[in-house]
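Close look at the chain arrangement
So the chains spell out like this:
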Amino acid sequence: MAHTEPVEDWCRDYDIFDPGYIRDPFPIWDRLRDECPIAHSDRWGGSWLPTRYSDIHAIAHDPTRFSSDEITVAPLEGGPADGVKAPPITSDPPEHTWARRLILPAFAPRAVEAYRDYTVALCGELIDGFIDRGRADAASDYAQQIPPRVIAHLLGVPPEMSDEFTEWVRGVLELGLTDPDIRMKYRAILMDFLWAQVNDRKANPRDDLITRLLQSEVDGQPVPDTHVVGTCNLILIAGIDTTWSSIGAALWHLARNPSDRARLVADPGLIPTAVEELLRAYSPVTMARVVTADTEVNGCPMKKGDRVLMSFPAANRDPEVFPDADRVVIDRARNRHVAFGVGIHRCAGSNLARMEMQIALETWLDRIPEFELADPESVTWAGGQVRGPRECEVVFR
Amino acid sequence: MKMIINTELCQGHNRCYALAPDLVDIDDLGYASHKGDGTVPPGREEAARLAADNCPEEAITIIED
Ligand code: HEM
């Protein structure tokens, strides 16, 4: 956990790693939205923090003024010098356009259906493993176990490695976010692994995504190996902490809200609608943008090189757009949330993530309809780039 | 009623497809377009309105008769 100084003025000196903010950012966003919709801070490399849906929506739709060249919420001095980025998430047009087209077919609605049976079986086996104990950690025994295995399956790498993936991804995205040594250590491990996978596919092509990426062409030229490694790095990183956090937050909510739980148990057909509402209310992902030329957003002057934190989670709590924004309305039918971002970088994995969330909840509620937090005080949250519960012990009734 | 998807604005969220699969075509990349000329069959008006009201890009227009 990062060391932070106490915050007195959230409008001019916010800290996204403040423990209180990580646990409960909602009242802070509400205040900022009213008083100072675009906050600023010099902490962690300096950044702006828009909190209104309309501002975040507008910035996300303006990749010319707001570049994705640096998307981590706390950039580190002297980042990786190996030339491997994470396209398309770190790309701007025109590279973004082809880099995104390369991977979209693997994540279209029909394509992700191919992973449904695997995910159903996986969730069932995980529950078999702890149901007789009468308790489990909904975050680490269940939510955390699902996405790395599905991603391994999709990339064509051994699913037995999923515990290692989780460790590496947390090393890069969570523990390493504020600690350069940890971040570089896990990045190096990930890079070695991905280069070995890529070299292996070049020698022995297979029917999997890595091979297909290596065989793709752009403007008649093969896609460079560094690009393929970068994209695989992104898919591995983007698909794990994020989805795990959403599944964990959904179970945390259901553990504390018996009436929502009972409705979903009685009417599993409502689960897809509930998943959207839980994604809205507990959106995990904040990304960053870099200002490309001096500009102004809603009267707020920004300089070239300034960073902007895209708090999709704050946008999704904006009462201008969502009636009863701070309440989970489990059957909310009109829900234009932006948990998966909006504009050209809309999460490429959103169909897969939704499928995983729906199956994870359906399977859990079918087998464990009654459960509650073992001890509300013992729940821990991670935040920063990706917010979600990390320990969430529940007991079954 | 017609439900018209502006394919210039669509970013492939697939919310419309989840809510009204019978009214939407999805291409191999996951981008949406309305089926045929966008005419909404009787009884599917509410599904079409929901599809429009859940589109994060506001890419869907409903034309009431
Ligand atoms: C609930 C789970 C997830 C959430 C909340 C989430 C959220 C996001 C967000 C907010 C963005 C936009 C980034 C930006 O605007 O800069 C994004 C992009 C992306 N996500 Fe996800 N994500 C999730 C799961 C996944 C999964 C499972 C995968 C893949 C296996 C994935 C792959 C990607 C990719 C490749 C991009 C980059 C798209 C582009 O730049 O064109 N995500 N995600």
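None of these values were measured; they are calculated from a predicted model.

Remarks on the overall build of chain B
Scanning chain B for helices and strands turns up two helices and four strands. For chain B, the α and β elements follow one another from N to C terminus as β-α-β-β-α-β. For 65 residues, the compact-globule formula gives about 11 Å, and the C-alpha radius of gyration of chain B, at 10 Å, lands near that figure. Along the first, second and third principal axes, the C-alpha set of chain B runs to 30 × 20 × 20 Å. Among the 65 residues that make up chain B, the fraction classed as buried is 46%. A separation threshold of at least 6 residues defines the contact pool for chain B, and within that pool the share at least 24 residues apart is 61%. When the accessible surface of chain B is summed, it comes to about 3100 Å², and 50% of that surface belongs to carbon and sulfur atoms. Between the mean site of the 5 positive side-chain charges and the mean site of the 13 negative ones, chain B shows a separation of 5 Å.

Details of the coordination of the iron atom of the ligand
If you check the protein contacts of the iron atom of the ligand, you find one donor only, Cys347(A) (SG), at 2.2 Å. With respect to the secondary-structure elements, Cys347(A) resides in the loop between α16 (312–315) and α17 (350–367).

Notes on the interface of chain B and chain A
It is common to report an interface's size as the accessible area lost on association of the parts. The interface is formed by 22 residues belonging to chain B together with 25 residues belonging to chain A. Buried area between chain B and chain A, both sides added, is near 1900 Å², and the carbon and sulfur share of it is 43%. The interface formed by chain B and chain A includes four salt bridges. Across the chain B-chain A interface, the total number found is 17 residue pairs in polar contact (both at pLDDT 80 or more). Elements with a contribution of two residues or more to the side of chain B that touches chain A: α1 (15–19) and α2 (45–53) of chain B.

Things to note about the sheet that holds strand β4 (residues 135–137) of chain A
Residues and elements named next belong to chain A. Strand order in the open sheet formed by three strands is β4-β14-β11, with antiparallel pairing between adjacent strands. What marks the edges here is a single partner per strand, and that holds for β4 and β11 (371–373). Put simply, the sheet's adjacent strands are angled 25° from each other on average, direction ignored. The pairing of β11 with strand β14 (residues 393–396) spans three bridges and is antiparallel. Looking across to β14, one finds that Glu372 is bridged to Val395. Sheet contacts for helix α13 (residues 225–256): β11 and β14; angle to β11, the most-contacted strand, approximately 100°.

A short note on the layout of surface pockets
Size it by volume and the second largest pocket reaches roughly 500 Å³. As for the second largest pocket, its lining consists of 23 residues, of which Pro272(A), Glu276(A), Arg354(A), Gln358(A) and Ala18(B) are closest to the centre. Every element with two or more residues in the lining of the second largest pocket is listed here: α6 (109–113), α15 (271–281) and α17 of chain A together with α1 of chain B. Taken together, the residues of the lining of the second largest pocket sort by class into nine nonpolar, eight polar and six charged.

Observations concerning the pattern of salt bridges
Opposite charge on two side chains lets them pair, provided their charged atoms get close. Within this structure, the stated rule accounts for 35 salt bridges over all chains. In this structure, Arg354(A) engages Glu276(A) in a salt bridge whose closest nitrogen and oxygen atoms are separated by 2.6 Å. Here Arg354(A), found in helix α17, pairs with Glu276(A), found in helix α15; they are 78 residues apart in sequence, far enough to count as distant. Between Arg332(A) and Glu277(A) there is a salt bridge; the shortest N-O distance is 2.9 Å. With Arg332(A) in the loop between α16 and α17 and Glu277(A) in helix α15, this pair connects stretches of sequence that are 55 residues apart. Pair check on accessibility: Arg332(A) and Glu277(A) agree, each one buried. Connected through shared salt-bridge partners, Arg334(A), Glu46(B), Arg49(B), Asp53(B) and Glu64(B) make up one network.

Regarding the state of the cysteines
All names here are of chain A. By the definition in use, this model includes one disulfide over all chains. Here Cys11 engages in a disulfide with Cys36; their sulfurs sit 2.2 Å apart. A torsion of 85° about the S-S bond marks the disulfide between Cys11 and Cys36 as right-handed. With Cys11 in helix α1 (residues 10–13) and Cys36 in the loop between α3 (26–35) and β1 (38–41), this residue pair connects regions lying 25 residues apart in the sequence. Its relative accessible area of 11% is what places Cys36 among the buried residues. Cysteine Cys123 shares no disulfide, and the gap to the nearest cysteine sulfur, in Cys392, comes to 16 Å. Lacking any disulfide linkage, Cys300 is separated from the closest cysteine sulfur, that of Cys36, by 7.8 Å.

Calculation rules
Residues numbered from 1 in each chain as written. Chains lettered and ligands numbered in written order. Predicted model: local features only at pLDDT ≥ 70, side-chain atom pairs only at ≥ 80, totals over all residues. Heavy atoms only, no water. Helix = DSSP H or I, 4+ residues; strand = E, 2+ residues; numbered from the N terminus. Rg over C-alpha atoms; globule rule 2.2 N^0.38 Å. Buried < 20%, exposed > 50% of the residue type's maximum accessible area, 1.4 Å probe, protein only. Contact = heavy atoms within 4.5 Å. Areas by Shrake-Rupley, 256 points an atom, 1.4 Å probe, with all protein chains shown as cover. Lys, Arg positive; Asp, Glu negative; His and termini not counted. Charge placed at Lys NZ, Arg CZ, Asp CG, Glu CD. Donors = N, O, S within 2.8 Å, 3.2 Å for Na, K, Ca; no water. Buried area = accessible area lost by both parts, 1.4 Å probe. Salt bridge = Lys/Arg side-chain N within 4 Å of Asp/Glu carboxyl O. Polar contact = N/O pair within 3.5 Å; in protein donor to acceptor, adjacent residues only side chain to side chain. Pairing = 2+ DSSP bridges. Axes fitted to C-alpha atoms, helices over the stretch in contact; angles between N-to-C directions. 1 Å grid on protein atoms, 1.4 Å probe; cavity = no way out; pocket = protein on both sides within 12 Å on 5 of 7 lines; lining within 4 Å. Points joined across faces, edges and corners; volume = space filled by probe spheres on them. Nonpolar A, V, L, I, M, F, W, Y, C, P; charged D, E, K, R; others polar. Disulfide = S-S within 2.5 Å.

This is a description of form; function is not addressed.
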